[in-house]
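Here is what each chain is made of, one letter per residue.
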Amino acid sequence: MKTCAECGVEKPLTKFYKHAAEHERLDQNSEAGRHMTCTLLRASELARDHATCRYIRSHLTRPGSDFHQKLGFWVDGYPPSSMCGHIAIVEDHGEVVGWARTETWADANDYDWSTLEAFVAGDYRDRGVASWAASALVVGPLQEVAEVAVFRPSMMMLARRVGLRCTLFRHDASRSEEHTSELQSRQYLVCRLLLEKK
């Protein structure tokens, strides 16, 4: 048995090194977190900061995505529309490492939805950056919103993590009932697979 200097817990030698490694990982994450900030901005405020727009566009968006194109327009001097919403930007030592944003989007039935989208740099994906940024939106512009629209399954998980109900839409803007968050339970998926096998 060996006693951990950090927390005083006694562990068998075979488990002690794993336990110590976990303390080290937590220390690294908390050290990194001390220099991280999350800032909530209106899209119009971000659009005025061309350097940040260029950086996010080149490093933290999917080429060809809607937001990638919008950032290009903003850098070229075109102002965002009033529907462009808000963005929460997470920085580590002044470098943007992730963001979450919301905007108003109309579906095929002209129903207005608040959307949720996020992107995080690869080295920061296991640090809760997307959740932190999305939480800033939830206590800000999404405070009165009951349900958000998302366009990727990973965003469904993020929405649930920050306490939002969500509906997954296809890129052609049609609502897919089987993708609503209420129907994504494990029981529903198992039943559906069993029915499909019959």
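Above this text sits the structure in question.
Residues numbered from 1 in each chain as written. Predicted model: local features only at pLDDT ≥ 70, side-chain atom pairs only at ≥ 80, totals over all residues. Heavy atoms only, no water.

**So, the sheet that holds strand 8 (residues 117–120)**
Our working definition: Whether two strands pair comes down to DSSP finding at least two bridges between them. Segments assigned H or I by DSSP are reported as helices when at least four residues long, segments assigned E as strands when at least two residues long, and all are numbered from the N terminus. Fitting a line to C-alpha atoms yields each axis, with helices limited to the stretch in contact; the angle taken between N-to-C directions then spans 0 to 180 degrees. Contact definition: two residues touch when any of their heavy atoms are within 4.5 Å.
The four strands lie next to each other as 3-4-5-8, forming an open sheet whose pairing is antiparallel. Each end of this open sheet is capped by a strand with a single partner; those strands are strand 3 (36–42) and strand 8. Each adjacent strand pair in this sheet contributes to an overall mean axis angle of 20°, direction not counted. Across seven bridges, strand 4 (residues 86–92) lies against strand 5 (residues 95–102) in antiparallel orientation. Bridged to I89 within strand 5 is W99. Contacts between helix 5 (residues 129–138) and the sheet are confined to strand 3, strand 4, strand 5 and strand 8, with strand 5 contributing the most and set at about 45° to the helix.

**Comments concerning helix 3 (residues 50–59)**
To be explicit about the condition: Each residue is placed in one exposure class: buried if its accessible area under a 1.4 Å probe, protein chains only, is under 20% of its type's maximum, exposed if it is over 50%, and partly exposed if it falls in between. Throughout, the arc means the angular range of directions from the helix axis out to the C-beta atoms.
Taken residue by residue, helix 3 has T52, C53 and I56 as its buried positions. For helix 3, the angular spread of the buried residues around the axis is 100°, confining them to a single face. Away from the buried face of helix 3 by more than 90 degrees, exposed residues A51 and S58 are located. Turning to helix 3, the residues buried within the fold contact helix 2 (43–48), helix 4 (66–75), strand 4 and strand 5.

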